[in-house]
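# Working through the structure, step by step
Residue strings, one per chain:
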Amino acid sequence: MGGLQCESKLKQGKDKLMVLYVCINELYNNLCQLEKIGIDTDKDLFIYRFTGLVKQGASFLPSEKIKWYGKNVLLGHIIRCLTSDNKYYPEKMEIAAEFFESKTGKKINLASARHVNVSNFEDEKDSIDPNFVEAVELLRKCGFINAEYTSRRRETLQYRKKNGRTQN
C-alpha cells in the first residue's frame, strides 16, 4: 500500500504524519486485541505497510507478510475505507493484498469487499454489509474520520468491454 491516499480520513492537526501514525497504531492494537492479526505481528511492519512510515534503520522485504486471521472481506473493507473517498478510487487493492496472508498461509483476495454506497451511515448501517459496518466502526474507534465514504474501483476500458458496458 505504501501510504494512506486520502487525507480526508484524518482529523485536522498540525502534524498529519503524527495523526496518521497514532490512528494506524490504534488500528494495530485493536486488530491484535480482536485477534484479526497475530500478536506476534511486527508493529513496525504493520505501520509501514499502511503508511509507508518506517523507523530509522528499519527495512522490510516485500516478502514479509502480516498474518490475517479475520474474514478477507473485512480486510478488504478496511483497506477500501482507508484508500478511497469521493476523490480517490481504491486502486491497487491486489497489491495491498500481497502484504497479507491467511492463517493457513494462502494468498488473500480482497475482491469480495465491494463498494457500499452510503449517504447516512448511522441510519443505513442495519441494512448494509455487516463487514463494512465493522470496518467503519473499527476505523472510527481508531481515530479515523469519514471512513464510510468510499468510491467504486475505476473501471478500465478493457473491463467495460469485457462486461458489455461500452457503446459500440
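Coordinates for the structure precede this section.
Cut-offs used in this document
Residues numbered from 1 in each chain as written. Predicted model: local features only at pLDDT ≥ 70, side-chain atom pairs only at ≥ 80, totals over all residues. Heavy atoms only, no water. Helix = DSSP H or I, 4+ residues; strand = E, 2+ residues; numbered from the N terminus. Buried < 20%, exposed > 50% of the residue type's maximum accessible area, 1.4 Å probe, protein only. Contact = heavy atoms within 4.5 Å. Areas by Shrake-Rupley, 256 points an atom, 1.4 Å probe, with all protein chains shown as cover. Salt bridge = Lys/Arg side-chain N within 4 Å of Asp/Glu carboxyl O. Axes fitted to C-alpha atoms, helices over the stretch in contact; angles between N-to-C directions. Parallel < 35°, antiparallel > 145°, perpendicular 65-115°, else oblique. Left-handed = near helix turned anticlockwise from the far one by under 90°. Nonpolar A, V, L, I, M, F, W, Y, C, P; charged D, E, K, R; others polar.

### A word on the overall build of the protein chain
Per the secondary structure count, the protein chain includes seven helices and two strands. The helix and strand sequence of the protein chain, counted from the amino end, reads α-α-β-α-α-β-α-α-α. The buried share among the 168 residues of the protein chain stands at 42%. Counted over contacts in the protein chain with a minimum sequence separation of 6, partners at least 24 positions apart contribute 67%. Looking at the protein chain as shown, the accessible area adds up to about 10200 Å², and 47% of this sits on carbon and sulfur atoms.

### Focus: the environment of Met93
Position of Met93 relative to the elements: it lies in helix H4 (residues 93–97). Using a relative accessible area of 4% as the deciding quantity, one classes Met93 as buried. For the pair Met93 and Asn109, spaced 16 residues apart in sequence, the C-alpha to C-alpha distance is 8.9 Å.

### A word on the pattern of salt bridges
If the charged atoms of two oppositely charged side chains come close together, the side chains can form a pair. Scanning the entire structure with this criterion turns up seven salt bridges. We note a salt bridge from Lys67 to Glu101, for which the minimum N-O separation is 2.9 Å. You can see Lys67 sitting in strand E1 (residues 66–68) and its partner Glu101 sitting in strand E2 (residues 100–102), a full 34 residues away along the chain. In this structure, the salt-bridge partner of Glu148 is Arg140, at a minimum N-O distance of 3.2 Å. Look at Glu148 and you get buried, because its relative accessible area is 8%. Shared partners join several salt bridges into a network, and the residues in it are Glu122, Lys125, Glu137, Arg140 and Glu148.

### Focus on the side chain of Asn25
Within the fold, Asn25 resides in helix H1 (residues 16–33). On the basis of relative accessible area, Asn25 is assigned to the buried category, the value being 16%. Setting aside anything within four residues of it in sequence, one finds Asn25 in contact with Lys43 and Ile47.

### Comments concerning the packing of H1 against helix H2 (residues 43–51)
Any two packed helices are characterised by how steeply their axes cross, that is the angle between the axes, and by the distance between the axes. The interhelical angle for the contact between H1 and H2, taken along N-to-C directions, is 125 degrees, at an axis separation of 10 Å. Here H2 runs oblique to H1, going by the angle between their axes. The chirality of how H1 crosses H2 is right-handed. The segment H1 lies against H2, with Leu20, Tyr21, Ile24, Asn25, Leu27, Tyr28, Asn29 and Leu31 engaging Lys43, Phe46, Ile47, Phe50 and Thr51. Class assignment for the residues of the contact of H1 with H2 results in nine nonpolar, three polar and one charged.

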